[in-house]
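# Remarks on the overall topology
Spelled out, the chains give:
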Amino acid sequence: MKYSIRKKWNEMRGFVFFTLAITLLWGMEFAFADFYDSPCNSMKDFVGQAFQWGAIEMTTFVFIWMIAANKYVFAVAYPLLTALTSAVAFFRYTMKVTVTPMTIDLTFTNDLTTTSDMITLPLILFILINLIAAIFIARWRFIRLDNLKWQWIHIIVCMALIYGIFHNGRLGIPVSNRLPFNIYASLNEYLGNKRIVADKRPAFGGKTTCGTDSIDVVFIIGETLRADHMQINGYARPTTPLLAKEKNVVSLPDIESEYWFTHESVPYIMTRADHNTKDRAYTERSFIDIFKRAGYHTSWISNQESVPTFIYFMKEADKLTYVNGGKSLYIYDSWLDDDVLPPLDSALTNGKSNSRNLIVIHSIGSHWWYNAHYPKSAARWKPELTSRVITENSRQQFINSYDNTVLYSDSFWHQVRERLRHRNAIVIYLSDHGENLGEDGQYTHANDTKEVRNAACWIWCSDKYKSRYPEKYAALERNAKKKYNTAFLFHSIIDAGDISTPYIDKKYDVFK
Ligand SMILES: [Zn+2]
């Protein structure tokens, strides 16, 4: 027995060291791209990131073992995979963007000029150097190492291990969101999204008309903003000074969010779903379809990830623009809502022949790792968060960084309103949910509490809009202090757009 283990080891030694060497090379060159700029200010941070890097290395080891089991497979697959991974790593290092379902969508659907702009000499050189090295490695393996005995068993066991890692929450999430495995995960999600979009949900029927020829309805989907951290709702810090100066603005401080995660909340808000008919979020179209039927030109400007639960609605819009499509929540770099403004400008000017515009803006708002979502210069309250490990920060640091995001959002919203001030326009802002900021020791929005359901909401309109629809504005003021569920949005926004349709339920309409 002892003899046979030794014999086996002697036989396998070369292969084990070879796989280890490649794993380390990939870990230091490619996986490192997703770590080098992460905030790391404490031992716990370091340990957490070392654990994640280790999980990626472990998976890489199994993966390399699998493709190296057969030398012919390795000779073809290894150089190709290296070229692909090095291309993604290059963008991650130089531009802090990565592969996501959005970047894949852009590569396949955008005009080639934008894609070809990305192909530069340094990129080609980086890929070429890696490719040449990979060909040498593959050649070495081909000549020096035999195929593994029982190679199919090895391959099947490796596949089972990788499957197990991907489907284990603690390992699967950090691994599938980072290089090289996010290439596969993103492609998989992109293809899944395509299937969802191809699904034919029935169109809304009935008579749909619009009472005006010229109108802009802008819906800002907010992120993680709690109503009680807004100055206009009585919060002690001046977090929304610009909103406070507006005259035609009404805050609705008592909106209860049905859900407290983006991927569940957004489809609920976009559709006719309510507390008793939640499944409508997954079987019906959104209000965008009704606006289209009423003669609106519709745009969706996304400053967030495209998620399978609401990609359907994004694709309902006549025009979909991804802002920061290459950002992932695993990149702790600056990711700002002001980037929405250029596509907003074009959405407002390109509707010359068609002057009814619906524009949905999915903002990044107050999303976790707050520091990334306001410029450093806009940090009014300090000290800010310093560690990604929640417990390494004080509650005050949490609140400071969070309030800084609110202050920055206030200036972003102001710029949206400035563009609409002299038009017949209305802006509806509704956050997808709230956030815990240390109440009962709770942080972020993992658990159901009153704070995570406290979704901020405000509605502003231009003077033109107000004088054209005084009865709507008066009703809004009257209803502002009432308690609503986030289901109100679907019905209210259709009414805000001066659209008549049998689908408006008056009890949810804040303009009635
Ligand atoms: Zn959210």
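Source: prediction; values computed, not measured.

### Remarks on the overall build of the protein chain
Counting its secondary structure elements, the protein chain contains 19 helices and 14 strands. For the protein chain, the spread of C-alpha atoms along the principal axes amounts to about 90 × 50 × 45 Å. Put simply, the protein chain has 512 residues, and 42% of those count as buried. A separation of at least 24 residues holds for 74% of the contacts in the protein chain among residues at least 6 apart in sequence.

### Examining the domain arrangement of the protein chain
Split into domains, the protein chain comes out as domain 1 (2-198) and domain 2 (209-508). Distance from the C-alpha centre of domain 1 to the C-alpha centre of domain 2: 37 Å. Of all the secondary structure elements, the ones that give two or more residues to the side of domain 1 that touches domain 2 are helix H2 (43-68), helix H4 (101-109) and helix H9 (181-198). Broken down by element, the side of domain 1 that touches domain 2 gets its largest block of residues, five residues, from H9.

### Some remarks on the sheet that holds strand S5 (residues 297-302)
Across the sheet, seven strands lie side by side as S3-S12-S8-S2-S7-S5-S6; this open sheet has mixed pairing. Strands at the two margins of the open sheet, each flanked by one partner only, are strand S3 (249-251) and strand S6 (319-322). Recorded for the sheet is a direction-independent mean angle of 10° between the axes of neighbouring strands. Pairing analysis gives six bridges linking S5 to strand S7 (residues 356-362), with the strands arranged parallel. Its bridge partner being in S7, Trp-300 is matched across the sheet by Val-360. Running at roughly 170° to strand S8 (residues 425-431), helix H19 (residues 488-496) makes contact with strand S2 (215-222) and S8 of the sheet.

### Examining the environment of Ile-22
Position of Ile-22 relative to the elements: it lies in helix H1 (residues 2-29). When the C-alpha atoms of Ile-22 and Thr-100 are compared, they prove to be 25 Å apart, with 78 residues separating the residues in sequence. Residues within four places of Ile-22 in sequence aside, it is in contact with Ile-64 and Ile-137.

### Some thoughts on the packing of helix H3 (residues 71-95) against helix H6 (residues 121-144)
At a minimum axis distance of 8 Å, the contact between H3 and H6 shows a crossing angle of 160°. Classified by the interaxial angle, the pair formed by H3 and H6 is roughly antiparallel. Relative to H6, the crossing made by H3 is right-handed. Of H6, the residues touching H3 (which contributes Lys-71, Phe-74, Ala-75, Tyr-78, Pro-79, Thr-82, Ala-83, Ser-86, Ala-87 and Phe-90) are Leu-123, Phe-126, Ile-127, Asn-130, Leu-131, Ala-134, Ile-135, Ile-137, Ala-138, Arg-141 and Phe-142.

### Comments concerning the sheet that holds strand S13 (residues 484-485)
Taken together, three strands build an open sheet; the order of strands is S11-S4-S13 and the sheet is mixed. Looking at which strands have only one partner, the edges of the open sheet turn out to be strand S11 (454-455) and S13. Note that strand S4 (residues 255-256) and S13 share two bridges and pair parallel. Bridging from a neighbouring strand, Glu-256 pairs with Asn-485 of S13.

### Points about the pairing of S6
By the alternation rule, side chains of S6 split into Leu-320 and Tyr-322, which are all buried, and Lys-319 and Thr-321, of which none is buried. With four bridges connecting them, S5 and S6 associate as parallel partners. Counted as the bridge partner of Ser-299 is Lys-319 from S6. With respect to chirality, the unit in which S5 leads through helix H14 (residues 311-316) into the neighbouring parallel S6 is right-handed.

### A look at unusual backbone geometry
The peptide bond linking Leu-179 to Pro-180 adopts the cis configuration, its omega dihedral lying at -5°. Within the fold, Pro-180 resides in the loop between helix H8 (169-176) and H9. Here the residue pair Lys-382 and Pro-383 is connected by a cis peptide bond, since its omega of 0° sits within 30 degrees of zero. If you trace the backbone, Pro-383 turns up in the loop between S7 and helix H16 (395-418). The backbone of Trp-369 shows a phi angle near 55°, a positive value even though the residue is not glycine. Considering the arrangement of structural elements, one finds Trp-369 in the loop between S7 and H16. Even without a glycine there, the phi angle at Thr-444 is positive, about 55°. By the element assignment, Thr-444 lies in strand S10 (residues 443-444).

### Examining the UniProt feature "transmembrane region" (unreviewed entry) in the protein chain
Taken from the UniProt record, the annotation "transmembrane region" (unreviewed entry) applies to residues 49-68, 75-93, 119-138 and 150-166. Summarising residues 49-68: 100% helix, 0% strand, and an end-to-end C-alpha distance of 28 Å. Its end C-alpha atoms 25 Å apart, residues 150-166 is made of 94% helix and 0% strand.

### Things to note about the pairing of S2
Of all eight residues that make up S2, eight are buried, and the element is covered over most of its length. Along S2, one buried face is formed by Ile-215, Val-217, Phe-219 and Ile-221 and the opposite face, lined by Asp-216, Val-218, Ile-220 and Gly-222, is buried too. One ladder, built from seven bridges, connects S2 with S7; its direction is parallel. Directly across from Ile-221, in S7, lies its bridge partner His-362.

The rules behind these values
Residues numbered from 1 in each chain as written. Predicted model: local features only at pLDDT ≥ 70, side-chain atom pairs only at ≥ 80, totals over all residues. Helix = DSSP H or I, 4+ residues; strand = E, 2+ residues; numbered from the N terminus. Buried ≥ 20, exposed ≤ 12 C-beta atoms within 10 Å, placed from the backbone. Contact = placed C-beta atoms within 7 Å. Domains from an automatic or database assignment. Pairing = 2+ DSSP bridges. Axes fitted to C-alpha atoms, helices over the stretch in contact; angles between N-to-C directions. Parallel < 35°, antiparallel > 145°, perpendicular 65-115°, else oblique. Left-handed = near helix turned anticlockwise from the far one by under 90°. Right-handed = clockwise from strand over helix to strand, strands pointing away. UniProt positions renumbered as here; feature names shortened; annotations may be inferred.

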